[in-house]
Structure formats: structure tokens, C-alpha cells
Amino acid sequence: MLVTVNADKKNTKHILTLLEEMGYSLPCNCHGAHHCNGNPYSFDCSMIPKEPVTVTLPSSTQKIHGLSLENISPKKGPGDTLLIDLGTTTIALALIDRMSGELRQTSVFPNPGKRYGADIISRIRASMQGNKEIMQQELIHNLQTRIRLLCQRNQQDEGAITRCYLAGNTTMIHLLMGYDCTPLSSSPFRIAQQTPSAFFYKDCEIIIFPWITAFIGGDLTAGLYACDMNHSKKTSLLIDLGTNGEMILSHNSTLYAAATAAGPAFEGSSLSCGCPAIPGAVSRVVWKRNHPALTTIDNKIPVGLCGSGAISLTAELLRNEYLTSEGILSEKFPPAGILLGKRTDGTPLYFTADDLRNVQLSVAAIAAGMEAITRAAGISPMDLQQIYLGGGFGFFLNLSDCQTLHMFSSINPDVLQPMGNTCLKGMYLCATDDIRPQDIPSVKFVNLAESELFKERFISHMTYSDYDM
């Protein structure tokens, strides 16, 4: 895979650092011996380029997950279209050339609103407590700064961007546009602003993907385009494995939508040693000789535990009978929790009882939500012909771990298809096909807060008495 790295005479960064900023993370444990990861790369890993350079990356190289355009290599040239995935936890940007479909640059960074709380409810409350204007300005300023840096990396003027596709959950779009979030705070959750207004950033037309309900945002609308669920006749389910656990079911040409508070555990945010799916994140845990054996993204020294690693560890604890049927951690472990390893600075990584509870809550919410939304359509999870998993989290999920925890109820794992960031992918397809997203009509919203089946199954999935070890 050929990748062009932009650099000039002022550059002081190593080639691997520049590649990581582009979204590629390559292991390097040779300490300057030019024999990275056991095999030499086609370039000097200690190089500090002073001009643009094209390098060949191993075919197994993966991009930092959170972007759905991993199979598209960036190519040198101007970009005229910007894609913005405005997530609750992170924001992802992709600069493309609309006519050719070529990817130019990408960027992923934390949402500045995290300081007001990790979840949507906290953001809504903060907005209602007099912070609406400052939250909007912080978000706009952060986006403007990141877009400017993206253009600088691509050696182009911001004015070259003539169109922008933007999608996010309903609350995030409300905060960006400065809309009143009060209707989103309590039942019946009716939205005064029925569809987001298009607006302009300098001379750039911004197209905002319409939301479906207060809980199902434009990011799921983009996901429908990514999975072609608007046209497919399959009985299929799209699950956004994020903080809000949004779901859209397509059955007999009818769409059903639901949202379940899965919490930020899948994104690592609510874990004591949590982190996103970045290089060094623990993505899998296997219990060997009474100790956890860790697999990290790109085989780097552990920096934290991401969502898939937390799922893997919980499943391993259950398989080794280190959890009671109620999900309580065995007394085998000290009160501080399970020691997973140490970071480069020597600080320990612990998985605590609170972390375990957060994972249980997230898993139970997804499983119970699946069962409730399929029941509303008159079918069962076993009738699903395809389940699309949105979010970078899905790329590292081990299906046997999911089966152990009954995370996707009792479905056939063959129907599961990780899709990465379906929001970005849907925007990309609309941009390159010159499609302007339309409102999604006649979606039946399944209110899980009022579903007795959801409550019953949620409690059931919080215990492990009938699970396969």
C-alpha cells in the first residue's frame, strides 16, 4: 500500500509520527536498528523527512479505528469536500475529492463537550443551565481549528472546500446550531426544530443529515445509506455501538428505531483505565496460568483498556468462573481490582468492580434493546438476516466473547457484519454520488423506557445463571 507523507524543510517529526497523524500506526520496537516488528520496512523508520515522501506500508497495516475509510489510502492532491462525524465522545474528519472519491486527509479528536459530561443527558443539562452559547462557541472554534490544521497538512487553503457533509446525534446537532435542548430533556421528547437547517461556513455549503427522532440522529440516517438499508429487502438491524446504543430495524419495508443507554464503556470512557481504540489499547485478554495475557492494538505497550478489551476480559472472567451468577468478581482478586499490566511510565492498569458493572450494563442494554425492537416488529432476533455493527469498536470484537455474554442475544454470529464508522461511510457515499440526504419518513419509534419486555430482559442479561461458560 503506497502512502504519501507531506513534509517540508521545517518538519522535525519522524516518519512514523507523521504516519500516525495520518491515521496509520506501525509498530516499531527496533530502537533504531531498522528492523521494526521483526521485519524491516521499505523505509528508514528513523527518517525525519524534509519534503513529501511516498512509502510502502505492509498490507496488514490498519488505520486508527473510528474512521470507516480504512480501505481507502490517502492520495496527494486538493480536497473539495469535508465529512464531519460529530460524535458525543470523539469527532472524526475526512477530507476527500468529491469527483474522484479519493481520500486526502483524516483526523480524529476528542469532543470538547466532554468536560460537561461523558453522556448526552449531562450535555443537555449543562446547556439548559446557561451554558448553551459557550458550548456552541467552543464546539465551533474546535471544529474551525481542526479543519484549519487538516488543510495545512494537505497544503491547501480552507477556501478550496466547497461542500461539507455533517452528521451527528440529535443533541450534538442542537448544540452546534445553538438550538434549545429543553425539548430533548423530558418526555414526550418532541423536537421544536423539526429538521436541522443548512448553514454556511465561509463559502462552503454545509449539508446536515436529518435526524429521525430525539434519540435517533443524523449519524444513523447516514448509517442507513452506508448499509443500503433504504433499498434492501433483507430483515436487517443496524446497531451503533456507542454511548447511546441507537438501533434501526428494517423488516417488510418498514423501519423501526430505538435507543438504549448503553453508556460510554464501549468507547472506554467510563472505565477506570479506559481509552479509545488507539495503538496500545488492550483489545483482547486471555486468561493463562492465573494471569491475564494481553493483546494490544499494533502490539504496543499498554496505554489503557478499550471497549473490545473490556468485553474480552469480562467473557474470560465468566468462562473461568471468576464471576458469580450475579456478576460479582471473585474474592480471588484484591479490592483494587485485576492488575492487567503497566504503562510505559510504570502506572498500573486495573480493571475494577465498577468497570465490570459498567460493561455489564452496556452489554445488557444492547441485548435487551435487540429483543425489544424485534418484538415490536413481530419477529425475534433469530429472524435477523443481517446485523450491521457501527463504530470502530466492532472491528476488534471477538464473536465468541459476545456469544459468551449473550451480547447480541442468541443470534447466529454469521449474520454479524462490523462496518466501522457507518456515519462517515454514509456521508462518503452521498458525497461521491452527489446525493443530498432526505428525511426518513414513517419510522416507528420503539420507546424502550416504556417497554416492560426491555426492563425484564435487561435485568435477565445482568445475571449469568443460564449462560454458556
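Computed from a predicted model, the values in this text were never measured in an experiment.

**Here's the deal with the overall build of the protein chain**
Thought 1: Within the protein chain, the regular secondary structure consists of 9 helices and 19 strands.
Thought 2: Within the protein chain, counting contacts between residues at least 6 apart in sequence, those at least 24 apart form 67% of the total.
Thought 3: For the protein chain, the computed accessible surface area is about 20200 Å², with 50% contributed by carbon and sulfur atoms.

**Here we look at the sheet that holds strand 11 (residues 254–259)**
Thought 1: If you trace the 6 strands from one edge of the open sheet to the other, you get 18-17-9-10-11-19, paired in mixed fashion. Where the open sheet ends on each side, the last strands, each with one partner, are strand 18 (416–420) and strand 19 (443–445). On average, adjacent strands in this sheet sit at an angle of 20 degrees to one another, irrespective of strand direction.
Thought 2: Relative to strand 10 (residues 246–251), strand 9 (residues 236–240) is paired through 4 bridges, and the arrangement is antiparallel. Of the residues in strand 10, the one forming a bridge with Ser236 is Ser250.
Thought 3: With respect to the sheet, helix 4 (residues 218–227) is in contact with strand 9, strand 10, strand 11, strand 17 (386–390) and strand 18, its orientation differing from that of strand 9 by roughly 135 degrees.

**Some remarks on unusual backbone geometry**
Thought 1: The phi torsion at Gln155 lies on the positive side, around 55 degrees, for a residue other than glycine.
Thought 2: Among the secondary structure elements, Gln155 is positioned in the loop between helix 2 (120–153) and strand 6 (163–168).
Thought 3: Even without a glycine there, the phi angle at Asp434 is positive, about 55 degrees.
Thought 4: Within the fold, Asp434 resides in the loop between helix 8 (422–432) and strand 19.

**Some thoughts on the packing of helix 6 (residues 353–376) against helix 9 (residues 452–461)**
Thought 1: At a minimum axis distance of 8 Å, the contact between helix 6 and helix 9 shows a crossing angle of 145 degrees. Helix 9 is crossed by helix 6, and the crossing has right-handed handedness. Contacts between helix 6 and helix 9 involve Leu361, Ala364, Ala365, Ala367, Ala368, Gly369, Glu371, Ala372 and Arg375 on the former and, on the latter, Leu453, Phe454, Arg457, Phe458 and His461.

**Focus on the pairing of strand 3 (residues 81–86)**
Look at any regular strand and the pattern is simple: side chains alternate between the two faces of the sheet.
Thought 1: Buried residues dominate strand 3, accounting for 6 of its 6 residues.
Thought 2: Side chains Thr81, Leu83 and Asp85 of strand 3 all project onto a buried face; the interleaved residues Leu82, Ile84 and Leu86 project onto the opposite face, where all are buried too.
Thought 3: Summarising the sheet, strand 3 and strand 6 pair through 6 bridges and their orientation is parallel. Pairing of Thr81 across the sheet is with Arg163, part of strand 6.

**A short note on the sheet that holds strand 13 (residues 291–296)**
Thought 1: Taken in spatial order, the 3 strands of this open sheet run 13-12-14, and their pairing is mixed. Edge positions in the sheet fall to strand 13 and strand 14 (304–305), since each has one partner strand and no second.
Thought 2: Sheet analysis places strand 12 (residues 281–288) next to strand 14, joined by 2 bridges and oriented parallel. Among the inter-strand pairings, Val282 is bridged to a residue of strand 14, identified as Leu305.
Thought 3: Along the sheet face, helix 5 (residues 307–319) touches strand 12 and strand 14 and points at about 15 degrees away from the line of strand 12.

**Quick notes on the pattern of salt bridges**
Thought 1: This model, assessed by the stated rule, comprises 12 salt bridges.
Thought 2: Put simply, Glu138 and Arg115 hold a salt bridge, and the shortest N to O gap is 2.5 Å. Taken as a pair, Glu138 in helix 2 and Arg115 in the loop between strand 5 (103–110) and helix 2 lie far apart in primary sequence, 23 residues in all.
Thought 3: Judged by relative accessible area, which is 22%, Glu138 ranks as partly exposed.
Thought 4: We note a salt bridge from Arg319 to Asp401, for which the minimum N-O separation is 2.6 Å. Here Asp401 lies in helix 7 (residues 399–405) and Arg319 lies in helix 5, a separation of 82 residues in the sequence.
Thought 5: Residue Asp401 is classed as buried on the basis of its relative accessible area of 3%.
Thought 6: A single network of salt bridges, built from pairs that share partners, joins Arg163, Glu205, Asp434 and Arg436.

**Some details on the side chain of Thr88**
Thought 1: By the secondary structure assignment, Thr88 is in the loop between strand 3 and strand 4 (90–96).
Thought 2: At 2.7 Å, the side chain of Thr88 and the side chain of Asn169 are in polar contact.

**Observations concerning the confidence of the model for the protein chain**
Thought 1: Across the protein chain, the average pLDDT comes to 83, with 87% of residues at or above 70.
Thought 2: pLDDT under 50 marks residues 29–33. Its contacts with residues more than four places away, or in other chains, come to 7 contacts.
Thought 3: Low confidence marks residues 60–68, where pLDDT is under 50. Its contacts with residues over four positions away, or in another chain, come to 38 contacts.

**Examining the environment of Lys332**
Thought 1: Its location among the elements puts Lys332 in the loop between helix 5 and strand 15 (338–342).
Thought 2: The exposure class of Lys332 is partly exposed, given its relative accessible area of 42%.
Thought 3: Separated by 10 residues in the primary sequence, Lys332 and Tyr322 have C-alpha atoms spaced 7.8 Å apart.
Thought 4: Discounting residues that sit within four places of it in the chain, Lys332 has contacts with Asn290 and Tyr322.

**A look at the nonpolar core**
Thought 1: Among the nonpolar cores identified, the biggest contains 55 residues, and Leu317, Phe351, Ile387 and Phe408 are the most heavily contacted of them.
Thought 2: If sequence neighbours within four positions are ignored, Ile387 has contacts with Leu237, Ile239, Met370, Ile411, Val415, Leu416 and Gln417.
Thought 3: Within the second largest apolar cluster, 34 residues are counted, among which are Ile84, Ile147, Ile206 and Trp211.

Cut-offs applied
Residues numbered from 1 in each chain as written. Predicted model: local features only at pLDDT ≥ 70, side-chain atom pairs only at ≥ 80, totals over all residues. Heavy atoms only, no water. Helix = DSSP H or I, 4+ residues; strand = E, 2+ residues; numbered from the N terminus. Contact = heavy atoms within 4.5 Å. Areas by Shrake-Rupley, 256 points an atom, 1.4 Å probe, with all protein chains shown as cover. Pairing = 2+ DSSP bridges. Axes fitted to C-alpha atoms, helices over the stretch in contact; angles between N-to-C directions. Left-handed = near helix turned anticlockwise from the far one by under 90°. Buried < 20%, exposed > 50% of the residue type's maximum accessible area, 1.4 Å probe, protein only. Salt bridge = Lys/Arg side-chain N within 4 Å of Asp/Glu carboxyl O. Polar contact = N/O pair within 3.5 Å; in protein donor to acceptor, adjacent residues only side chain to side chain. pLDDT = per-residue confidence, 0-100. Core = buried A, V, L, I, M, F, W, Y, C linked by side-chain atoms within 4.5 Å.

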